[in-house]
Every structure is written in C-alpha cells, then in structure tokens.
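Survey of secondary and tertiary structure
Here is what each chain is made of, one letter per residue.
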Amino acid sequence: MRIPKIMYNFAAVIIIRYIQKMKNQKMYEADDKMISLIRDNYDLLQSLGSFGISLGFGDKTVKETCEDNNVDTYTFLAVVNYTINGYGEFDADEQISVPTLMHYLEASHAYFLDFQLPFIRRELSESLNEDDSLARLILRFYDEYAHEIRRHMQYEQKTLFPYVQTLLEGRPANDYNVETFSKHHGAADKKLRELKLLIIKYLPQDGLHNNQLTATLHDIYDNEAWLRQHAQVEDHIFVPAIRRLEQMTKQNDVSKNISDMVFKNGVAQNQDALSDREKDVIVALVQGMANKEIADHLCISINTVITHRRNIARKLQIHSPAGLTIYAIVNGLVDISSVKL
C-alpha cells in the first residue's frame, strides 16, 4: 500500500518540530550561573524557595549558590533539569540526596497548602458573585478539590516522609514500603480540570469580573502545571531513590541479623573462654606466623602451640586461618590495617 505524500510531509513536520524542541532544551550544570537558570526559566522561582535557596545570589554559579544554602547541588540540578526538560533516568542514580529531596518536597507541600490554595480561593471569591447559586457551587467545588489535595499531601507528611526518615536512620519498617505510596499516588488534579471547564463554559461575567476570572483561570492553569511537575518529580526521582534506600536498608538488616546469629550461637561468649595465651596464638596466626615462629615468638614449645590451636578450634568452632582472621578483627584482637588481605 502506498503512503500518501501528505503523510510523509506531516511526519517530517513532526520530526522537525521535535528536533527543534530538543535543540531548545538545555541541561544546566553546576558551573552555570544561577541567574541564567532563573532568567531562562522564571517558573523555577518557587522551586528555589522549596530548596531553601534565597534570592540575592548575585552572579554566583549553581554550585556556589547551593553550597551557600546547604543544598546538594546534584539533587538540585536533577530536579531542575527534569522539571525543565521532562525526562531523565533516575532508577539507578545513587547520587540523589534523599534528605535534600525530602526537604524540597515538604517545603513544596507547605507552599501549596499554606499559600497557593488559599490565594486562588480568594481570587475566585473576588471574581464571582456569591449571591449567584452557580458561583456558590463553583466555590464549593473548589473547596472539595482543595480538601482532596490537602488530604493527599498530609498523607505524605504523616506517613511517607516519617517512613523515609526511619530508612535514613537505618531502621527498616516491615509494615510499609514505597510501592504502597505509588498505589496511593493518584491523579489528584482531576477535579481541577473539571473546575476550569465549568468556569469557562458556564460563568458569563461582566467586563470587570471577566477580567478577574480570566486572571484567576491563568493562575489555576499555572498551578495545574506545577502539580503535574511535582507529581512527576515524586514518581520519577523520589520513588526510585526510596526503592534504592529500601534495598540498602534490607541488606544492612540482613547483615546485622547474620552477625547477631553468629554471636548468639556462642562466638562472642566463647571469646571470654579463651585464655590470654590462646588469644596471643590467634594474633600470631593472623599475622601469618607458622607454628615454629609462634613458638619462638611466645617462648613456648611447638607442641604447646599445637595444643593451643586445637583448643581454639574446639572453643570457637573455627578451623581456617581466614575464619580466625575474621574473628580476630571482629573481636578487636587485631586492627584490620595490620592484616595482610
């Protein structure tokens, strides 16, 4: 089947536009000026505040500005570049700072709940005639939307972020994981889309109120875009970082359990049962001495060395030099730096 020429032309236009878009995208780096980043992307101003970065940074670079404000530069750039360009691979990115990212998300929640939601509510109230029944319904619809957003963000504040903090402290939680959050993380902005359509379709106004309502709609659209970007940062940067943190915590927990089992089975207790001379023999063995060298070093006979070694093996249930080396390091008989590995 022949493909019409117009289809080729259409595809070419799409490809050209995509290439132009990619050319216009910039990946900012640590040595770029912070003022250049904001000048080219003024909608990142709120992100600065959420990272705890104050204005007045002059001509400092991104790295200098982040360091002045105790912000991890790599994480800041990851969020900024993802927000600007809409793509990035973070599943295996171990350089993301979870504390920095969590602070950013918490501050973003505070900004949206404490400032942005009430601000738009006031704008709507001033733009509408509250004596009109339809206007009252619009305000009630907005209040329901605000309640849903608040409930979702408070869930993160009360459940997700404390869970992440326990992981950062090395304490695994068996009753929760980040996949639970992912399932809970629905599209909370559905009501906002409906609200915009209701206002545009069904609220004719006089000139003054129409201007006010248009300005309010513009702010609602901006907030919808902000919410979408916020959710994407959570889904594509924060969630993968928490998955990695969960894996690390589980691995550390397994190692700790193994260590506890070893000591519980008598290795630690048996250390007290060793005589000082037996400990001396272990240290000499770890240092690579043969039986005769140990005998000369400790001024005892070879037969005595052999007897000590037999007793050590019986008490510790460790028979190999490698096992004795691990035992000696763990129990502080030798320093790991003095051991030839």
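In case you missed it, the structure is sitting above this.
Summarised in this report is the structure supplied together with it. (Residues numbered from 1 in each chain as written. Predicted model: local features only at pLDDT ≥ 70, side-chain atom pairs only at ≥ 80, totals over all residues. Heavy atoms only, no water.)

**Side note on the overall build of the chain**
Scanning the chain for helices and strands turns up 15 helices and zero strands. Within the chain, the proportion of its 341 residues that are buried is 38%. Counting only contacts in the chain whose residues sit at least 6 apart along the sequence, the fraction spanning at least 24 positions is 70%. Carbon and sulfur atoms make up 54% of the accessible area of the chain, which totals about 20,400 Å². (Helix = DSSP H or I, 4+ residues; strand = E, 2+ residues; numbered from the N terminus. Buried < 20%, exposed > 50% of the residue type's maximum accessible area, 1.4 Å probe, protein only. Contact = heavy atoms within 4.5 Å. Areas by Shrake-Rupley, 256 points an atom, 1.4 Å probe, with all protein chains shown as cover.)

**Some remarks on the packing of aromatic side chains**
In total, this model carries eight aromatic pairs according to the counting rule given. On the basis of an interplanar angle of 75° and a centroid distance of 6.0 Å, the ring pair of Phe161 and Phe238 is categorised as edge-to-face. Remark: Phe238 occurs in helix α10 (residues 207-264) and Phe161 occurs in helix α7 (residues 133-168); sequence separation between them is 77 residues. Like Phe238, Phe161 is buried. One aromatic cluster is present, built from ring pairs that chain together Tyr111, Phe112, Phe115, Phe119 and Trp226. A cation over a ring is seen here: Lys26 above Tyr28, with NZ or CZ 5.1 Å from the ring centre. (Phe/Tyr/Trp six-rings, centres within 6.5 Å; stacked < 30°, edge-to-face > 60°. Lys NZ or Arg CZ within 6 Å of the ring centre and 35° of its normal.)

**So, the nonpolar core**
Considering soluble globular proteins, one finds that nonpolar side chains tend to be buried as a cluster. Formed by 40 residues in total, the largest nonpolar core has its most connected members in Phe76, Val164 and Phe238. Of all the secondary-structure elements, those providing two or more residues to this core are α2 (34-40), α3 (45-51), α4 (62-68), α5 (73-85), α6 (98-127), α7, α8 (178-184) and α10. Top element by residues in this core is α10. It accounts for seven residues. When residues no more than four places from it in sequence are discounted, the contact partners of Phe238 are Leu101, Met102, Leu105, Leu160, Phe161, Val164 and Val233. With 24 residues, the next largest nonpolar core counts Ile138, Leu195, Leu203 and Ile220 among its residues. (Core = buried A, V, L, I, M, F, W, Y, C linked by side-chain atoms within 4.5 Å.)

**Some details on the environment of Leu316**
Tracing the sequence through the fold places Leu316 in helix α14 (residues 302-316). Note on Leu316: relative accessible area 3%, which makes it buried. Along the sequence, Leu316 and Tyr327 sit eleven residues apart, while their C-alpha atoms lie 9.0 Å from each other.

**Some remarks on the layout of surface pockets**
Of the volumes computed, that of the largest pocket is approximately 420 Å³. Taken together, 14 residues line the largest pocket, and the ones lying closest to its centre are Tyr42, Asp43, Asp222, Asn223 and Trp226. Counting residues per element, the lining of the largest pocket draws most heavily on α10, which supplies seven residues. For the lining of the largest pocket, a count of residues per class yields six nonpolar, five polar and three charged. (1 Å grid on protein atoms, 1.4 Å probe; cavity = no way out; pocket = protein on both sides within 12 Å on 5 of 7 lines; lining within 4 Å. Points joined across faces, edges and corners; volume = space filled by probe spheres on them. Nonpolar A, V, L, I, M, F, W, Y, C, P; charged D, E, K, R; others polar.)

**Quick word on the side chain of His230**
Position of His230 among the secondary structure elements: in helix α10. Owing to a relative accessible area of 5%, His230 belongs among the buried residues under this scheme.

**Here's the deal with the packing of helix α12 (residues 276-286) against α14**
α14 packs onto α12 with a crossing angle of 95° between their chain directions and a minimal axis gap of 10 Å. What the angle tells us is that α12 and α14 run roughly perpendicular. Within the contact between the two elements, α12 uses Arg277, Glu278, Val281, Ile282 and Leu285 and α14 uses His308, Arg309, Asn311, Ile312, Lys315 and Leu316. Here the contact of α12 with α14 is composed, by residue class, of five nonpolar, two polar and four charged. (Axes fitted to C-alpha atoms, helices over the stretch in contact; angles between N-to-C directions. Parallel < 35°, antiparallel > 145°, perpendicular 65-115°, else oblique.)

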